[in-house]
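Descriptive structure summary
What follows is each chain in one-letter form.
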Amino acid sequence: MTDDHDAICTNFAVVRQFDDLDRVVAIRDTILALDHSDVTRADVDQGLETPLTTREASALFTCLQKNGAATQSATDERGFAAYTFEVDPFEADRVLTQQAAVIAADGRSPQTDQDDDVEFVATLPGGFEPTSAQVRSIPDIASTIRNQVFDADSSVRIANPYFDPSLELVSDLASLPQRGVETQLLTRETADEEGDTRTTLNKMWDLIDEEHRDNFEVRDLYRWDEKQGSQAFATHAKIVIVDERVCYVGSANLTDTSLSTNFEFGVVVEGDIVEEATMVFDEVFEYSYPVDLPI
């Protein structure tokens, strides 16, 4: 957690998720009134007339964590929104007061974008401070993917070449098969014994109960051409398709660098066009090589 109580927020997950200034203030006051530092979604719900939705809880704790007001102290198989966080009340006051101020100053509702078929998302460079409200409020890729995962009801399809095993999203993805969501992951170079992808897949496999592992399928799209001495083909796509209704397509790998400090850009699309993305994914997935876990 930061010692600078005047630090400017760099993550605006609360601004993007909450359009009600009074609700953000109520959340802040609830956290400040707690007589303990370990905070859960249930603790916050006790001070609110309407409990947090999963997306709201995810946005709240992501924002506190990314702005130095909270650290993760315990995980939960239900996913990130159910984790326990050690919250610094002074820092939480700083962060949520700033978020409330941005909502008031912008005078806009993030929900007005909800009906758009296409929305830009980005990871902004580390240390970069946007000067415009539009840039500050653009959804970040990490939160977008996490929210999509939290909302999944039946299926999640992911294509991504590179992973960080320590990324919180890895646990989120492992929670999908646990709750019956068919999860397909297309990646590459799983035979690399020292690669992070192999470590990540094995970690996910360990997190999934044996009875739910049939809901998790991994395939590898990478081949080396020995004659040519070069790569024959591989996946380099970054796609997350949820329930065949919403699709993220962008430049970010599922690594800490891509999701926190690089400049990455992408779009989230909804509507009939997602069916086309699903068809392409399914055909390439079938073409790829099955991976037996653990590796």
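Calculation notes
Here the residue index of a chain counts from 1 through its sequence in written order. Per-residue local features of the predicted model are confined to residues with pLDDT of at least 70, and side-chain atom pairs are confined, for both listing and counting, to 80 or more; whole-chain, interface and lining totals are unaffected and use all residues. The side-chain quantities take in all heavy atoms of the structure and omit both hydrogens and water. UniProt positions are given in the numbering used here, feature names are shortened, and annotations may be inferred rather than shown by experiment. Only DSSP runs of H or I reaching four residues or more are called helices, and only runs of E reaching two or more are called strands; each is numbered from the N terminus. In this scheme, strands are said to pair when DSSP sees at least two bridges between them. It only takes one pair of heavy atoms within 4.5 Å for two residues to be counted as in contact. Here, axes are lines fitted to C-alpha atoms. For helices the fit covers the stretch in contact, and angles between N-to-C directions go from 0 to 180 degrees. Salt-bridge detection follows one rule: a side-chain nitrogen of Lys or Arg within 4 Å of a carboxyl oxygen of Asp or Glu. The classification of residues rests on relative accessible area computed with a 1.4 Å probe and restricted to protein chains. Under 20% of the type maximum is buried, over 50% is exposed, and intermediate values are partly exposed. For a helix, the expected span equals 1.5 Å multiplied by the number of residues minus one. This arc is built from the directions going out from the helix axis to the C-beta atoms. For classification purposes, angles smaller than 35 degrees are called roughly parallel, those larger than 145 roughly antiparallel, those between 65 and 115 roughly perpendicular, and all remaining angles oblique. We call a crossing left-handed when the near helix sits turned anticlockwise from the far one by less than a right angle, and right-handed when that turn is clockwise. Side-chain classes are defined by residue name, with Ala, Val, Leu, Ile, Met, Phe, Trp, Tyr, Cys and Pro counting as nonpolar, Asp, Glu, Lys and Arg as charged, and the others, Gly among them, as polar. Note on definitions: the grid is 1 Å and covers protein atoms alone; a cavity is a set of points where a 1.4 Å probe fits but cannot get out; a pocket is an open set with protein on both sides within 12 Å along at least five of seven lines; lining residues have an atom within 4 Å of a point. Grid points are joined across faces, edges and corners, and a volume is the space filled by probe spheres set on the points. Nonpolar side chains (Val, Leu, Ile, Met, Phe, Trp, Tyr) within 5 Å and like charges within 9 Å form the patches, drawn only from residues with over 30% relative accessible area and no salt bridge. With residues, only the protein chains shown are counted as cover, and all accessible areas are computed by Shrake-Rupley using a 1.4 Å probe. Note that His is not counted, nor are the chain ends; the positive residues are Lys and Arg, and the negative ones are Asp and Glu. For this purpose, a charge sits on NZ of Lys, CZ of Arg, CG of Asp or CD of Glu.

What to know about the UniProt feature "domain: PLD phosphodiesterase" (unreviewed entry) in the protein chain
The UniProt feature table records "domain: PLD phosphodiesterase" (unreviewed entry) at residues 231-258. The span residues 231-258 carries 11% helix and 46% strand; its end-to-end C-alpha distance comes to 24 Å.

A word on the sheet that holds strand β1 (residues 38-39)
The strand order across the open sheet built from three strands is β1-β3-β2, with neighbouring strands paired in antiparallel fashion. Pairing within the sheet leaves two strands with one partner each, and these edge strands are β1 and β2 (70-74). As paired strands, β2 and strand β3 (residues 84-87) are joined by four bridges and run antiparallel to one another. Note that in β3 the partner of alanine 70 across the bridge is valine 87. Its contacts with the sheet put helix α4 (residues 54-66) on β1, β2 and β3, and the angle it makes with β2 is roughly 115°.

Side note on the pattern of salt bridges
In this structure the tally under the stated criterion is 10 salt bridges. We note a salt bridge from arginine 28 to aspartate 29, for which the minimum N-O separation is 3.2 Å. For arginine 28, a relative accessible area of 19% corresponds to the buried category. Here glutamate 168 makes a salt bridge to arginine 146, at a shortest N to O gap of 2.9 Å. Taken together, the residues glutamate 168 in helix α8 (residues 168-178) and arginine 146 in helix α7 (residues 141-151) connect sequence positions 22 residues apart. Since its relative accessible area comes to 6%, arginine 146 is described here as buried. The network of salt bridges with shared partners includes Arg146, Glu168 and Asp172.

Some remarks on helix α11 (residues 273-287)
Along its 15 residues, α11 runs 22 Å from first to last C-alpha, staying within 8% of the 21 Å computed at 1.5 Å per residue. The complete set of buried residues in α11 reads Val274, Thr278, Phe281 and Phe285. The buried residues of α11 occupy an angular sector of 65° when the element is viewed end-on, so they sit on one face. Of the residues in α11, the exposed ones pointing more than 90 degrees away from the buried face are Glu276, Met279, Val280, Glu283, Glu286 and Tyr287.

So, the packing of α7 against α8
It is at 10 Å that the axes of α7 and α8 come closest, and there the two elements cross at 15°. By the angle between their axes, α7 is roughly parallel relative to α8. The two elements α7 and α8 meet at a crossing, and its hand is left-handed. Counted together, Ile145, Arg146, Val149 and Phe150 of α7 and Glu168, Leu169, Asp172, Leu173 and Leu176 of α8 form the full contact between these two elements. In terms of residue class, the contact of α7 with α8 is made up of six nonpolar, no polar and three charged.

Quick word on helix α9 (residues 196-207)
In a regular helix each residue adds 1.5 Å, so 12 residues correspond to 16 Å; α9 covers 16 Å between its end C-alpha atoms and thus fits that length. If you check which residues of α9 are buried, you get Thr197, Arg198, Thr200, Leu201, Asn202, Met204 and Trp205. Contacts from the buried residues of α9 go to α8, β6 (182-187) and β7 (216-220).

With respect to the sheet that holds strand β13 (residues 289-290)
Taking strand neighbours across the sheet as the criterion, the eight strands line up as β4-β12-β11-β10-β5-β6-β7-β13 in an open arrangement whose pairing is mixed. Each having just a single partner strand, β4 (118-123) and β13 make up the two edges of the open sheet. One ladder, built from four bridges, connects strand β5 (residues 155-159) with strand β10 (residues 239-242); its direction is antiparallel. Considered in β10, the bridge of isoleucine 158 is made with valine 240. Relative to the sheet, α9 contacts β6 and β7, its axis offset from that of β6 by approximately 170°.

With respect to the layout of surface pockets
Approximately 480 Å³ is the volume attributed to the second largest pocket. In this structure, the second largest pocket is lined by 23 residues; those nearest its centre are Thr10, Asn11, Leu124, Asp140 and Ser260. Mapped onto the lining of the second largest pocket, the elements with two or more residues apiece are β4, α6 (133-136) and α10 (256-260). A breakdown of the residues in the lining of the second largest pocket according to their chemical character gives 11 nonpolar, seven polar and five charged.

Some details on a negative patch on the surface
Side chains of Asp117, Glu119, Glu270, Asp272, Glu275 and Glu276 sit close together on the surface and give a patch of like negative charge. For aspartate 272, the position within the fold is in the loop between β12 (264-270) and α11. Among the residues examined, aspartate 272 registers a relative accessible area of 67% and is labelled exposed.

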